[in-house]
Amino acid sequence: MGASTKNGRFAVAFTALAFSFILIAFCTPHWLDNDGQLENARFINLGLWTVCLRNFTEIHRHYPDVVFNGCMWVFEEEYYIIHNFLLPDFYVATQFFFTLCFTLLLIALLLTLGFLGCSRDDTRYTVLLIANGTIQLMSAFFGLISVIIFGARGDGRDWMPNWEHNNMGWSFALACVGVLFLLPSGTLYIIEARRERYRKLNEIGTREASAYTEEGSRKYRGGQTDI
């Protein structure tokens, strides 16, 4: 089976942890949280796809009678009058890069399942390792871009109200940890692919040397028989 080596087992474990953390971060609305110390906070919490507001009105007062309460999808049609405020470029970039990260991780998860069921003697084994490691490192790269962008701008004073009471939430923390787990995971797959390639080259060299030795032995015995 694929995970028959220590590197393979650690790589699979890191992949499973990274997928669990990134999946939770992708789906939960706690990338940015209000600290709860403000009595009438208009902003409550926010994720990649959901925002929770309380008595929130459009900041330019063009629609003073429209008040937003509760949690809704950020692309909800009712939010169209605050889309310019709610969806700044850095937030859209965070969504884009983290979605790329998550999509590549889904592909890597399928490759990991294939790796678990693949024999080390299979001709596709090394290719599977290289593909899985490369995709996971790419996923980590896009994930890093995403969390760096949001970490730099998410709790800034020019976005959600009462910025001094807004902090990075546990969903964001899980995203960071999950992305970091992808780095050793992808690296271990690449290392395992390299070790497997050397192993096969050694086996080929051993077989060729053995065949050469056997051929020489037969010729030697044949020469003794002629004498």
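Owing to the predicted nature of the structure, the values given are computational and were not obtained by experimental measurement.

Participant: Help me get a handle on the environment of Ala13, residues and values and all.
Facilitator: Mapped onto the elements of the fold, Ala13 is located in helix H1 (residues 6-27). A relative accessible area of 36% places Ala13 in the partly exposed class.

Participant: Tell me about the packing of aromatic side chains, residues and numbers included.
Facilitator: Pairs of aromatic rings are described using the distance from one ring centre to the other and the angle between the two planes. The full count for this structure, using the stated rule, is 23 aromatic pairs. Each ring, one from Trp73 and one from Phe75, has its centre 5.4 Å from the other, and the planes form 70 degrees; the classification is edge-to-face. In this structure Trp73 comes out as partly exposed when scored by relative accessible area, which is 47%. Ring geometry for Phe115 versus Tyr189: centroids 5.5 Å apart, planes at 85 degrees, classification edge-to-face. Pair noted here: Phe115 is in helix H3 (residues 89-116) and Tyr189 is in helix H5 (residues 170-226), with a separation of 74 residues, a long-range link. Each member of the pair, Phe115 together with Tyr189, is buried.

Participant: I'd like a rundown of the UniProt feature "transmembrane region" (unreviewed entry) in the protein, residues and numbers included.
Facilitator: Within this structure's numbering, the places UniProt gives as "transmembrane region" (unreviewed entry) are residues 12-32, 96-116, 128-150 and 170-191. Taken end to end, residues 96-116 is 100% helix and 0% strand, and its two terminal C-alpha atoms sit 30 Å from one another. With 100% helix and 0% strand, residues 128-150 has end C-alpha atoms that lie 33 Å from one another.

Participant: I'd like to hear about the state of the cysteines, residue by residue, with values.
Facilitator: Enumeration over the complete set of coordinates arrives at one disulfide. Put simply, Cys52 and Cys71 are joined by a disulfide, and their sulfur atoms are 1.9 Å apart. Where Cys52 bonds to Cys71 through sulfur, the torsion about that S-S bond is close to 110 degrees, and the disulfide is right-handed. Here Cys71 lies in strand E4 (residues 67-73) and Cys52 lies in strand E3 (residues 50-57), a separation of 19 residues in the sequence. Residue Cys52 is classed as buried on the basis of its relative accessible area, which comes to 4%. Looking at Cys71, the relative accessible area reads 52%, which means it is exposed.

Participant: Can you break down the environment of Asp33 residue by residue, with the values?
Facilitator: Tracing the chain through its elements places Asp33 in strand E1 (residues 32-34). Asp33 sits in the buried class, given a relative accessible area of 16%. Taking the C-alpha atoms as reference, Asp33 lies 8.7 Å from Trp170; in sequence the two are 137 residues apart. At 3.0 Å, the side chain of Asp33 forms a polar contact with the side chain of His30.

Participant: Quick rundown of the sheet that holds E3? Include the residues and the values.
Facilitator: Taken together, the five strands give an open sheet; going across it, the order is E4-E3-E2-E1-E5, and neighbouring strands pair in antiparallel fashion. Edge strands, defined here as strands with exactly one partner in the open sheet, are E4 and strand E5 (166-168). The average angle at which neighbouring strand axes cross in this sheet is 20 degrees, direction not considered. As paired elements, E3 and E4 share six bridges and run antiparallel to each other. Directly across from Val51, in E4, lies its bridge partner Met72.

Participant: Could you give an account of a nonpolar patch on the surface, naming the residues involved and the relevant values?
Facilitator: Residues Ile130, Leu137, Leu180, Leu183 and Ile190 make up a contiguous nonpolar surface patch of about 350 Å² in total accessible area. Position of Leu183 relative to the elements: it lies in helix H5.

Participant: Residues and numbers for the side chain of Gln95, please.
Facilitator: Mapped onto the elements of the fold, Gln95 is located in helix H3. Residue Gln95 is classed as buried on the basis of its relative accessible area, which comes to 4%. A polar side-chain atom of Gln95 sits 2.5 Å from the main-chain carbonyl oxygen of Leu48. When sequence neighbours within four positions are dropped, the list of residues in contact with Gln95 reads Leu48, Trp49, Val74 and Phe75.

Participant: So what about the packing of H3 against helix H4 (residues 125-153)? Which residues, and what values?
Facilitator: Remark: H3 packs on H4, axes separated minimally by 8 Å, with the N-to-C direction vectors making an angle of 160 degrees. Regarding the angle of H3 to H4, the classification is roughly antiparallel. When the axes of H3 and H4 are compared, the crossing they make is left-handed. Of the residues belonging to the contact of H3 with H4, the class tally is 23 nonpolar, eight polar and one charged.

What counts and how
- Residues numbered from 1 in each chain as written.
- Predicted model: local features only at pLDDT ≥ 70, side-chain atom pairs only at ≥ 80, totals over all residues.
- Heavy atoms only, no water.
- Helix = DSSP H or I, 4+ residues; strand = E, 2+ residues; numbered from the N terminus.
- Buried < 20%, exposed > 50% of the residue type's maximum accessible area, 1.4 Å probe, protein only.
- Phe/Tyr/Trp six-rings, centres within 6.5 Å; stacked < 30°, edge-to-face > 60°.
- UniProt positions renumbered as here; feature names shortened; annotations may be inferred.
- Disulfide = S-S within 2.5 Å.
- Polar contact = N/O pair within 3.5 Å; in protein donor to acceptor, adjacent residues only side chain to side chain.
- Pairing = 2+ DSSP bridges.
- Axes fitted to C-alpha atoms, helices over the stretch in contact; angles between N-to-C directions.
- Patch = residues over 30% accessible without salt bridge, like charges linked within 9 Å, V, L, I, M, F, W, Y side chains within 5 Å.
- Areas by Shrake-Rupley, 256 points an atom, 1.4 Å probe, with all protein chains shown as cover.
- Salt bridge = Lys/Arg side-chain N within 4 Å of Asp/Glu carboxyl O.
- Contact = heavy atoms within 4.5 Å.
- Parallel < 35°, antiparallel > 145°, perpendicular 65-115°, else oblique.
- Left-handed = near helix turned anticlockwise from the far one by under 90°.
- Nonpolar A, V, L, I, M, F, W, Y, C, P; charged D, E, K, R; others polar.

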